[in-house]
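An overview of the molecular structure
Here is what each chain is made of, one letter per residue.
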Amino acid sequence: MHVRQLTPAIGAEISGVNLGDASRDGDLFAKIKTALLQHRVIFLRDQEITRAEHVAFARRFGDLEDHPVAGSDPEHPGLVQIYRNDKRENYENNYHSDGLWRETPAMGCVLRCIECPPIGGDTIWVNMVEAYKNLPNDIKQKIDGLSARSSIEHSFGAVMAPDARRKLAAANPPAEHPVVRTHPETGEKVLNVCSFTTNFVNFHTPENVRFGLDKTPGASHLLNYLLSQASIPEYQVRFSWRPNSVAIWDNRSTQHYAVMDYWPAPRKMERAAIIGDRPY
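If you're wondering where the values come from, they're calculated on a predicted model, not measured in any experiment. (Residues numbered from 1 in each chain as written. Predicted model: local features only at pLDDT ≥ 70, side-chain atom pairs only at ≥ 80, totals over all residues. Heavy atoms only, no water.)

A look at the nonpolar core
Let me state the cut-off plainly: The set of buried Ala, Val, Leu, Ile, Met, Phe, Trp, Tyr and Cys residues whose side-chain atoms join them within 4.5 Å is what this entry labels a nonpolar core. Note on exposure labels: buried denotes an accessible area under 20% of the residue type's maximum, exposed denotes more than 50%, and partly exposed covers the range between, all computed with a 1.4 Å probe on protein chains only. Any two residues having at least one pair of non-hydrogen atoms within 4.5 Å are treated as being in contact.
With 26 residues, the main nonpolar core has I143, V179, L191, F200, L222 and L226 as its most contacted residues. Residues contacting L222, with those up to four places away along its chain left out, are I139, K142, I143, L146, F200 and F203.

What follows is the structure, encoded as structure tokens:
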């Protein structure tokens, strides 16, 4: 197994490994997990594995989650099929942490390319530990102890008809999480807001305490500033897909952005997401 770091902040490419073998070999899996915790997202090429092996490897991290919008393969529960070929849906082309709208967002994901356009369709990952680390001290003090609400309705729901959007929101109510979370395995502090985040729930200034408001210009400006940190190139790595390429990322310390520049060319991906813990 060879690990080649891709940028100073995030990302590494692993060679000499077959994930089918890693789904059965505990020692090999442990090496891959160590690389993941260090580099936050890792990439492997030429992974001619079966769907069963894909699911078996991902399950070594933990139980798999389903998705309320993208359907799973009926024979392999938890293997979500993200197929883009006939609609120009664009709810993924923003910086996000998978499932931040859940009480327990995903721990991580294993994404495999089945078919991709000849050019375009890259994915960007961002190191949100680095994003937090480089915030000005006064901002760190301001967001210490803050919580924020995240929702699926204004992202995935934005491309739905009104009735379907209301049903989606009712079945998946917003979740509240700390703006700065602690990584449960490394102890690192992580900036924990993304495009699913709608507002702070406990941002108080003398003005909003007086008038009973939780959405003030100051709050919205601060949230927009925090969201903008994911777009800083020095925190990013960009990956160009080929069939049988695989990305494995730690969803607790990263965000990602699926670049929507390839339509109407098809792009077919299969993803296994691992159930995570409640951020603290």
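Focus: the pattern of salt bridges
Pairing is possible between side chains that carry opposite charge, provided their charged atoms lie close to one another. To keep things clear, this is the line we draw: A pairing counts as a salt bridge when a side-chain nitrogen of Lys or Arg comes within 4 Å of a carboxyl oxygen of Asp or Glu. Secondary structure counts use DSSP, requiring at least four H or I residues in a row for a helix and at least two E residues in a row for a strand, with both numbered from the N terminus.
Tallied over the entire structure, the rule returns 17 salt bridges. Where E65 meets R102, a salt bridge forms, and the shortest distance between an N and an O atom there is 3.5 Å. Placement of the pair is E65 in the loop between α3 (51-59) and β4 (72-73) and R102 in the loop between β5 (76-84) and β6 (108-115), with a sequence separation of 37 residues. Among the residues examined, E65 registers a relative accessible area of 7% and is labelled buried. Ionic pairing is found between K133 and E130, a salt bridge with its closest N-O pair at 3.7 Å. Of the two residues, K133 and E130 both sit in helix α4 (residues 128-133), 3 residues apart, roughly one turn of that helix. Residue E130 is classed as partly exposed on the basis of its relative accessible area of 23%.

Side note on the side chain of N192
The condition is simple: Two N or O atoms form a polar contact when they lie within 3.5 Å of each other; inside protein one atom must be a possible hydrogen donor and the other a possible acceptor, and for residues adjacent in sequence the pair counts only when both atoms belong to side chains.
Of note, N192 is situated in the loop between β11 (189-191) and β12 (197-200). At 2.9 Å, the side chain of N192 and the backbone oxygen of P178 are in polar contact.

A short note on unusual backbone geometry
Working note: non-glycine residues mostly have negative phi, and peptide bonds are mostly trans. For the bond from W263 to P264, the omega torsion is 10°, close enough to zero to count as cis. With respect to the helices and strands, P264 occurs in the loop between β15 (254-258) and β16 (267-274). We note that R40 has phi near 75°; this positive angle belongs to a residue other than glycine. For R40, the location among the structural elements is in the loop between α2 (26-39) and β3 (41-44). The backbone of D46 shows a phi angle near 55°, a positive value even though the residue is not glycine. Looking at the secondary structure, you find D46 in the loop between β3 and α3. Overall, the relative accessible area of 57% leaves D46 in the exposed class.

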